[in-house]
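# Breakdown of the fold
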Amino acid sequence: MEKCFSAIRGNQKLCKRLADEIAEGRFPHAYILAGKPGSGKRTWALQIAAALACKSRVALPCGVCDSCQKILGGFSPDVIFIRKDADKKEFTVNLIRRIKDSLYIAPNELEKRVYILEDTETMNANAQNAFLKMLEEPPSYVVFLLLCSNTENLLETVKSRAPILYTEKLPAEEIRAFLLENSPRAREMAQSDPQKLQTITIAADGSIGLAMSLCEESDKHAALQKSVLDFLTAWTAPALTDLDLFCDRLPSTGDGMTDFLNALKKALRDVAIAKYDTVPDLMFFSSFEEAEPIAARITVSKALKLSVAADTLIDKLKFYLDTRLAAVTFCSDARRIMME
Ligand SMILES: [Zn+2]
């Protein structure tokens, strides 16, 4: 086969493994595809479904035959997505019943029927136990692909019957290449503000989905970066007077405050590793030089303490904490940590 999974970025080993299994007719009846949100799990699942049906000898999947076009376009009756309703917290047993209704009916057009189960990290125990029965003895034409952002919640009995494939985090250059190819906004930014595009490819942290949405919301993203930098500058200044003023400028909504704290955590992580000689990939700053002035003014231990304080507040904001109170608490935590 000359080309396999050419629509997938990176993930070379995984592509080769799956293409070999499909070409040699030994693709298992279930896989768990694990990777963080935006890492391309849904694209993977559709590509696998197309490759299972495609008869091309040149590329797998070829993307142009009838089967490929139907599957990749979402028109095949034999590729079925099962996902929880957006307003529900859990993937419940009702969704498994939906699979059961069609499980023993032969596929319509293809040799296989592929069930793509999304959000399986939210599958509750009832749903998993009901699913296990199907996973133990599925009809020969059935393939299950379970997509999840982490596998911790999945029962060992499920994991033992469905090998886990992890999607790779893509390097920043791959992300940049993808954006330039697929996002007009990114192309425009490459001309008008290359620094901003660079910041986005780094903040995407290996995820194409996140990179795309950051591109669309690039102004909001730039404002967030600026407010984190301003905060760090105030926090590490010789006198802490600006820190108190900053408290009033922190986001006023729960989501805004959570975004700020998450971005700050990434920046603190960069500042801490900037102190070492070998710097791995950065998560917030676009270059080592940008992180250095702040790194020079604080210790790793202070960066870590503030990051832990941010984490604690993120958790509290999920449940009950008032945003204004969160801002005041955070600024006083930051002051205490700096004075220690
Ligand atoms: Zn094809």
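Structural notes, computed from the coordinates.

Cut-off values and rules
Residues numbered from 1 in each chain as written. Predicted model: local features only at pLDDT ≥ 70, side-chain atom pairs only at ≥ 80, totals over all residues. Heavy atoms only, no water. Axes fitted to C-alpha atoms, helices over the stretch in contact; angles between N-to-C directions. Helix = DSSP H or I, 4+ residues; strand = E, 2+ residues; numbered from the N terminus. Parallel < 35°, antiparallel > 145°, perpendicular 65-115°, else oblique. Left-handed = near helix turned anticlockwise from the far one by under 90°. Contact = heavy atoms within 4.5 Å. Nonpolar A, V, L, I, M, F, W, Y, C, P; charged D, E, K, R; others polar. Pairing = 2+ DSSP bridges. Phe/Tyr/Trp six-rings, centres within 6.5 Å; stacked < 30°, edge-to-face > 60°. Buried < 20%, exposed > 50% of the residue type's maximum accessible area, 1.4 Å probe, protein only.

A few words now on the packing of helix α11 (residues 218–236) against helix α16 (residues 323–339). One way to put it is that α11 packs onto α16 with a least axis distance of 10 Å and a crossing angle of 40°. The angle between α11 and α16 places the two elements in the oblique class. Relative to α16, α11 is oriented so that their crossing is right-handed. Within the contact between the two elements, α11 uses Phe 231, Trp 235 and Thr 236 and α16 uses Phe 330, Cys 331, Ala 334, Arg 335, Ile 337 and Met 338. Classifying every residue of the contact of α11 with α16 by side-chain character gives seven nonpolar, one polar and one charged.

This part is about the sheet that holds strand β2 (residues 30–34). Taken in spatial order, the five strands make up an open sheet running β4-β5-β6-β2-β7, and their pairing is parallel. Each end of this open sheet is capped by a strand with a single partner; those strands are β4 (79–82) and β7 (164–166). Sheet twist, expressed as the mean angle between neighbouring strand axes with direction ignored, is 20°. Relative to the sheet, helix α1 (residues 12–23) contacts β2 and β7, its axis offset from that of β7 by approximately 140°. Helix-sheet contacts for helix α4 (residues 93–103) involve β4, β5 (113–117) and β6 (142–148), and the interaxial angle to β5 is about 180°.

Moving on, we get to the packing of aromatic side chains. In the structure shown here, the tally under the stated rule is nine aromatic pairs. Seen from their ring centres, Phe 27 and Tyr 31 are 5.3 Å apart, and the 75° between their planes marks the pair as edge-to-face. Per residue, the accessibility class of Phe 27 equals that of Tyr 31, and both read buried. Where Phe 246 meets Phe 260, the ring centres are 6.5 Å apart and the plane angle is 35°; that geometry is what we call tilted. Pair noted here: Phe 246 is in helix α12 (residues 241–247) and Phe 260 is in helix α13 (residues 254–273), with a separation of 14 residues, a long-range link. We classify Phe 246 as buried; its relative accessible area is 3%. Phe 260 gets classed as buried once you look at its relative accessible area, which sits at 0%. Taken together, the ring pairs connect Phe 231, Phe 246, Phe 260 and Phe 330 into an aromatic cluster.

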